[in-house]
Amino acid sequence: MSTTNLKPNDQERTSFFGLDIPFLDHLGVVPEYARDGKSRISLDLKPEFTNSFHVAHGGLIMTLLDFAMAAAARSAAQHPLGVITIDMTTSFLRPSIGKLIVEGSILKGGNTIHYCEAVVLNDVGEVTAKASGTFTLRK
């Protein structure tokens, strides 16, 4: 994992495949790879990221899925500026707990629009949530 810039407390910021994304850095998201239209990130679930059932909050899961798809789209286009989410549909299949692995992939890329999907996996490799999304390249 490469790092750039400095956090206010003088710790280095995480580089999310060339982008500075303070929110993901704050959450502790680990960028593993983004290349050839595929991406992988991970996060160790912390108690403060859970809902009243003590499982990952849906908003956290949607954030991870959104970024994994965006990273996959950006890697396929080799686009340095990032992408913007146009729409996203999410399905929650089972509770997400423990270490979360999120894998994104591009389904179809174009000159400006990319169609992607992503899944959240738990420690034993079960899909806990999935999403599809449409992204536009930032200009």
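This write-up is about the structure you can find in this document. Small disclaimer: the values here were computed from a predicted structure and weren't measured. (Residues numbered from 1 in each chain as written. Predicted model: local features only at pLDDT ≥ 70, side-chain atom pairs only at ≥ 80, totals over all residues. Heavy atoms only, no water.)

So, on to the sheet that holds strand E7 (residues 113-121). In space, the 6 strands of this open sheet follow the order E3-E4-E6-E7-E8-E5, with antiparallel pairing throughout. Only two strands of the sheet have a single neighbouring strand rather than two, namely strand E3 (30-35) and strand E5 (83-92). Across this sheet, the average inter-strand angle for adjacent strands is 20°, counted without regard to direction. Here strand E4 (residues 38-44) pairs with strand E6 (residues 99-109) via 7 bridges, running antiparallel. Along E6, the bridge assignment pairs Ser 39 with Gly 104. Contacts from helix H2 (residues 58-77) reach E3, E4, E5, E6, E7 and strand E8 (127-137) within the one sheet, and its direction differs from that of E5 by about 135°. (Pairing = 2+ DSSP bridges. Helix = DSSP H or I, 4+ residues; strand = E, 2+ residues; numbered from the N terminus. Axes fitted to C-alpha atoms, helices over the stretch in contact; angles between N-to-C directions. Contact = heavy atoms within 4.5 Å.)

Before going further, it helps to examine the nonpolar core. If you look at soluble globular proteins, the nonpolar side chains tend to sit buried side by side. Ranked by internal contacts, the top residues of the largest apolar core, which has 29 residues, are Val 29, Leu 60, Leu 64 and Leu 65. For this core, the secondary structure elements donating two or more residues are helix H1 (22-27), E4, H2, E6, E7 and E8. Top element by residues in this core is H2. It accounts for 10 residues. Non-local contacts of Val 29, meaning those with residues more than four positions away in its chain, are made with Phe 16, Leu 24, Ile 41, Ser 42, Leu 43 and Leu 64. (Core = buried A, V, L, I, M, F, W, Y, C linked by side-chain atoms within 4.5 Å. Buried < 20%, exposed > 50% of the residue type's maximum accessible area, 1.4 Å probe, protein only.)

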